Amino acid sequence: MATSASIANYGSNSILFRNPIDNDSKIPTKISVGSLKLFPMNIKAIRTANSAPVKSIQAEGSINESINIPFPAFQFKEYMVAKAKQVNEALGEAVLLQHPEKIHEAMRYSLLAGGKRVRPVLCLASCELVGGDASSAMPMACALEMIHTMSLIHDDLPCMDNDGLRRGKPTNHKAFGEATAVLAGDALLSLAFEHVAAKTTNISPDRVVRAIAELGSAVGSEGLVAGQIVDIASEGTEVSLSELEYIHVHKTARLLEAAAVCGAIIGGGNMIDVERVRKYARSIGLLFQVVDDILDVTKSSTELGKTAGKDLVTDKATYPKLMGLDNAKKFANELLAQAIEEIAYFEDAKSAPLYHLANYIASRQN
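Predicted model only: the values in this text are computed from it and were never measured.

**Q** Would you mind showing me how to read the pattern of salt bridges here?
**A** Should their charged atoms come close, side chains of opposite charge can pair. For the structure on display, the rule yields twelve salt bridges. One salt bridge connects Glu257 with Arg282, and the closest N-O pair in it is separated by 3.2 Å. Linking Glu257 in helix α10 (residues 241-266) with Arg282 in helix α11 (residues 271-298), this pair joins segments that are 25 residues apart in sequence. Accessibility classification places Glu257 together with Arg282 in one group, the buried group. As a salt-bridge pair, Arg364 and Asp292 come within 3.0 Å of each other at their nearest N and O atoms. In this pair, Arg364 is assigned in the segment after α16 (348-363) and Asp292 in helix α11, connecting sequence segments 72 residues apart. By the burial criterion, Arg364 is buried, and Asp292 matches it. Residues joined in a network through salt bridges with shared partners are Glu214, Arg254, Glu257, Glu275, Arg278 and Arg282.

**Q** Would you mind showing me how to read the packing of aromatic side chains here?
**A** Tallying each qualifying case throughout the model produces four aromatic pairs. When the ring of Tyr109 is compared with that of Phe176, the centres are 5.2 Å apart and the planes differ by 80 degrees; the resulting orientation is edge-to-face. With Tyr109 in helix α3 (residues 101-111) and Phe176 in helix α6 (residues 172-176), this residue pair connects regions lying 67 residues apart in the sequence. This pair shows no difference in class: Tyr109 is buried, exactly as Phe176 is. A centroid spacing of 5.8 Å and a plane angle of 40 degrees characterise the contact between Tyr319 and Phe331, whose relative ring orientation is tilted. Taken together, the residues span a long stretch of sequence, with Tyr319 in helix α14 (residues 319-323) and Phe331 in helix α15 (residues 325-343) at a distance of twelve residues. Taking NZ or CZ as reference, Arg119 lies 5.5 Å from the ring centre of Phe288, over its face. Here the guanidinium or amino end of Arg364 rests over the ring plane of Phe288, the centre of that ring lying 3.8 Å away.

**Q** Please explain empty space enclosed by the protein as it appears in this structure.
**A** Unoccupied space between atoms shows up once a probe the size of one water molecule is rolled over them. Counted according to the given criterion, the structure contains one cavity of 30 Å³ or more. Reported here for the largest cavity is a volume of approximately 120 Å³. Every residue lining the largest cavity is counted, 13 residues in all, and those nearest its centre are Tyr109, Ser110, Arg166, Thr171 and Asn172. Of all the secondary structure elements, the ones that give two or more residues to the lining of the largest cavity are α3, α5 (138-155) and β6 (169-170). Among the elements that make up the lining of the largest cavity, the one with the highest residue count is α5 (three residues). Class assignment for the residues of the lining of the largest cavity results in five nonpolar, four polar and four charged.

Cut-off values and rules
Residues numbered from 1 in each chain as written. Predicted model: local features only at pLDDT ≥ 70, side-chain atom pairs only at ≥ 80, totals over all residues. Heavy atoms only, no water. Salt bridge = Lys/Arg side-chain N within 4 Å of Asp/Glu carboxyl O. Helix = DSSP H or I, 4+ residues; strand = E, 2+ residues; numbered from the N terminus. Buried < 20%, exposed > 50% of the residue type's maximum accessible area, 1.4 Å probe, protein only. Phe/Tyr/Trp six-rings, centres within 6.5 Å; stacked < 30°, edge-to-face > 60°. Lys NZ or Arg CZ within 6 Å of the ring centre and 35° of its normal. 1 Å grid on protein atoms, 1.4 Å probe; cavity = no way out; pocket = protein on both sides within 12 Å on 5 of 7 lines; lining within 4 Å. Points joined across faces, edges and corners; volume = space filled by probe spheres on them. Nonpolar A, V, L, I, M, F, W, Y, C, P; charged D, E, K, R; others polar.

Written out as C-alpha cells, the structure reads:
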C-alpha cells in the first residue's frame, strides 16, 4: 500500500504486523486492505444481513479532511466520557492521599491531571469485544494508566525530553522537583502490577498471569524501554524509516497493544481473537504517534496542551520530517485502514467502540 515512491517499500519492511503466533493460519476476512481506496478513504466492510446499521461519518478536523468511513452507529463521545469517568473514579480510589503525603500528592498530580484515557478505555472495550465484563478489566485499565503516567513523568525529565508542560500543567518535576518525580514514577510502576494482582477478581489465575506477563513485556527492555533507549541513542544521527518505526512501535504503540491484548485476555478471548486485537492495537498505536508528529508541526502549544514545535527545534526524527507532511498523512490513513480491517471480524455491536476509537485517534487535534 505505497503512498509514494519515497515510501513504496515501507510496508514490506515493516515490523508493525509481525505476528507472535503462527502466521500461516488462514482466517477468512471480511475486508481486504488491498481492496480499499485509501486516498480519499472509503472503506466498506462486507457485513452480514443482520449487521447493525451503519452511518457514514466525516472525520471533523482530521489529518485528511477527505476521510469518509461508514462506521456502525454508536454514541462514541458518550461512551468515552462514561468510561473515562469510571476510570478516573477507580484511579482516585487506587491512589489515596496518605502518608507520606508528598509522594502520593505527586503521583496523584500526574495520574489525575486529565488526559484522554485512551489506554484504559481500549482495555475495557477489548474486554467487552470478546464477551467479557468491563468491570473485570478495570484493575488492568487502571494499571495501564499508571504505567502510562509513569512514562510521561520520566519522559519529561531533564535527562530525557526535558519538557516543562504536560496536559496544560507544569510537568511533575517542575511542580515537585526531579527526585520526587522519579520516585513518583517508580511508585506508579510498582503499584500498577500490585493493583492488577490484588484487585482482579472472578478471572481465572492463568488469565491474570498471562495479562500481567503481557503488561510487563510491554514496559521493559523489549517494549517501552527499548523504544526510549533507541530514541535517545538516535539523537543527532540520521534515522531511517525502519528505525523510526522501531522506536515508536515500542515506545508508543507497545503500551496501546498491551492495553487491547490484556483486555481481551481478561475478557476470555481465544488466541485468534487476542491476535486480531493485537494487530488492531499495533495499527492505532503507530497511528497515534504519526498523528502526534503531524500535530507537533501544525498546532500551537495552547491547542496541544504541551510544547509544540519541539521536535523541529531539536531536529528530532519524525514522520513528517522523513516522509514529508502529506505522505505522513497518507501513511496515517493506511494505518487506520489496517486497524479497521482487523476488527471487521467481530460483531458490529461489540466492535463499534473500537471502530470509533481508531477514527478518534486519527482525527484528534491535541
